[in-house]
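# Commentary on secondary and tertiary structure
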Amino acid sequence: MAAIIGIIQVKGGVGRSTIATNLAAHLAVEAPTALVECDLPQGTSASWYALRRHSLSVEGLTLATAADPAELVAVCGTLVTSHRYLIIDAPPRLAEMTRAIIVMSRLCLIPLGASAAEIWSTTDLMKTIAQAKQFRPDVDARLLWTRYRSYTREAQELSAAVGRELGVPELATKIGYRVSYSEAMARGLSVREWPDRAAREEMARLVDEVRNIMGEGMP
Ligand SMILES: Nc1ncnc2c1ncn2[C@@H]1O[C@H](COP(=O)(O)OP(=O)(O)OP(=O)(O)O)[C@@H](O)[C@H]1O
Ligand SMILES: [Mg+2]
């Protein structure tokens, strides 16, 4: 049975698709992985996959799309038996789709930048996660700092305060603000295939941390 990882956030443009596509590309090297596009009609992950198919082999990586929660349940029900990981790219709304993803996922990652607007929208998401825990007490959600500029005082102060206030564990790995993420994505690539060692190393750390949290060692 596949481990389902949902990449959720209420606010748009926070880096969900960047995390989803990079995680999917990295995990697919190890084991059959499906990237499930739920942010339609925008479809950033689906567009990335279409580009990728032209430039590289996508062996080990499948794309699926779901336009509503019923379709998501059906699609995942089919994929879980033939894949080891399902990575779900969620829409930027606190809609039924996001609720369904929270309930279905073994692990939810919440990408978050150190800005007040992103933190406010994460507060709303926390309420939804608390509601989901009434149905599924073992819901596991973690903050993932992204587009992180560790050297700014604003970033350091905000991340410390937010961790305390939101009461959600944060991942040790932080994803930096790096133009490589935009450049690689625009070509259907992940930073694994991009000449930026710092980005490659932080993404590899993220993959390891995610696997460890889910109790999944190297395949
Ligand atoms: N770590 C990063 N460093 C620099 N730029 C980034 C990083 N992560 C994402 N970006 C850029 O920020 C923009 C938004 O990222 P992305 O599309 O991943 O976010 P999203 O949450 O999926 O947005 P949307 O609401 O449009 O679906 C893109 O231009 C992307 O290249
Ligand atoms: Mg997106």
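Anything mentioned here points back to the structure above.
What comes next is a walk through the structure. Residue positions are given per chain, counting from 1 as you read along its sequence in written order. Note on labels: chains are lettered from A, ligands numbered from 1, in written order. Confidence filtering applies because this is a predicted model: local features only for residues at pLDDT of at least 70, side-chain atom pairs given and counted only at 80 or more, and all residues used for totals across whole chains, interfaces and linings.

### A look at the nonpolar core
- For our purposes the nonpolar core covers buried Ala, Val, Leu, Ile, Met, Phe, Trp, Tyr and Cys residues that link as a set through C-beta atoms within 7 Å. Counting other C-beta atoms within 10 Å of a residue's own tells you its class, since 20 or more makes it buried, 12 or fewer makes it exposed, and anything in between is partly exposed; those C-beta atoms are placed from the backbone. Residues I5, A24, V36, I87, I88, I101 and I110 are the most contacted members of the largest nonpolar core, which totals 59 residues.
- Looking at which element gives the most residues to this core, the answer is helix α1 (residues 16–30), with seven residues.
- Those residues in contact with I101 that sit more than four places away from it in its chain are G6, I8, C38, I88 and A90. Strands here mean DSSP runs of E at least two residues long; helices mean DSSP runs of H or I at least four residues long; both are numbered from the N terminus. Throughout, a pair of residues is in contact if the C-beta atoms placed from their backbones lie within 7 Å.

### Comments concerning the sheet that holds strand β3 (residues 61–65)
- Strand order in the open sheet made by the six strands is β3-β2-β4-β1-β5-β6, with parallel pairing throughout. Here the strands that pair on one side only, and so sit at the sheet edges, are β3 and β6 (141–145). Along the sheet, successive strands turn relative to each other by an average axial angle of 25°, direction set aside. A pair of strands is labelled paired if DSSP reports no fewer than 2 bridges between them. Angles shown run from 0 to 180 degrees and are taken between the N-to-C directions of axes, each axis being a line fitted to C-alpha atoms and, for helices, limited to the stretch in contact.

### Points about the pairing of strand β1 (residues 3–7)
- With five of five residues buried, β1 lies mostly within the body of the structure.
- Here β1 runs beside strand β4 (residues 85–89); their pairing, made up of five bridges, is parallel. Bridging across to β4, I4 finds its partner in L86.
- Bridge analysis of β1 against strand β5 (residues 107–112) gives three bridges, and the strand direction is parallel. Note that in β5 the partner of I7 across the bridge is L109.

### Here we look at the site of ligand 1
- By nearness alone, 19 residues border ligand 1, and G12, G15, S17, T18 and S182 come closest of all.
- Of all the secondary-structure elements, those providing two or more residues to the shell around ligand 1 are α1 and α7 (179–186).
- Residue type decides the class: Asp, Glu, Lys and Arg count as charged, Ala, Val, Leu, Ile, Met, Phe, Trp, Tyr, Cys and Pro as nonpolar, and the leftover types, Gly among them, as polar. Here the shell around ligand 1 is built from residues that sort into six nonpolar, nine polar and four charged. For each residue, a C-beta atom is placed from the backbone, and the residue counts as near a molecule or strand when that atom lies within 6 Å of it.

### Considering helix α6 (residues 153–166)
- Under the convention used throughout, the expected extent of a helix is 1.5 Å for every residue step, that is, one less than its residue count. The terminal C-alpha atoms of α6, which comprises 14 residues, lie 20 Å apart, in line with the 20 Å expected from a rise of 1.5 Å per residue.
- Positive phi appears at G167, one or two residues downstream of α6, with a value of about 65°.

### A short note on the packing of α1 against helix α2 (residues 44–55)
- At a minimum axis distance of 9 Å, the contact between α1 and α2 shows a crossing angle of 40°. In terms of orientation, α1 lies oblique with respect to α2. When the axes of α1 and α2 are compared, the crossing they make is right-handed. In contact with S17, A20 and T21 of α1, α2 contributes T44, S45 and W48. Comment on the angle field: the value is read as roughly parallel under 35 degrees, roughly antiparallel over 145, roughly perpendicular from 65 to 115, and oblique elsewhere. By convention, the crossing between two helices is left-handed when the near helix turns anticlockwise from the far helix through less than a right angle, and right-handed when the turn is clockwise.

### Digging into unusual backbone geometry
- The residue after L40, namely P41, is reached through a cis peptide bond having omega 5°.
- You can see P41 is positioned in the loop between β2 (33–37) and α2.
- If you check the backbone angles, R147 has positive phi at about 50° while not being a glycine.
- Tracing the sequence through the fold places R147 in the loop between β6 and α6.
- For R147, a count of 21 C-beta atoms within 10 Å puts it in the buried group.

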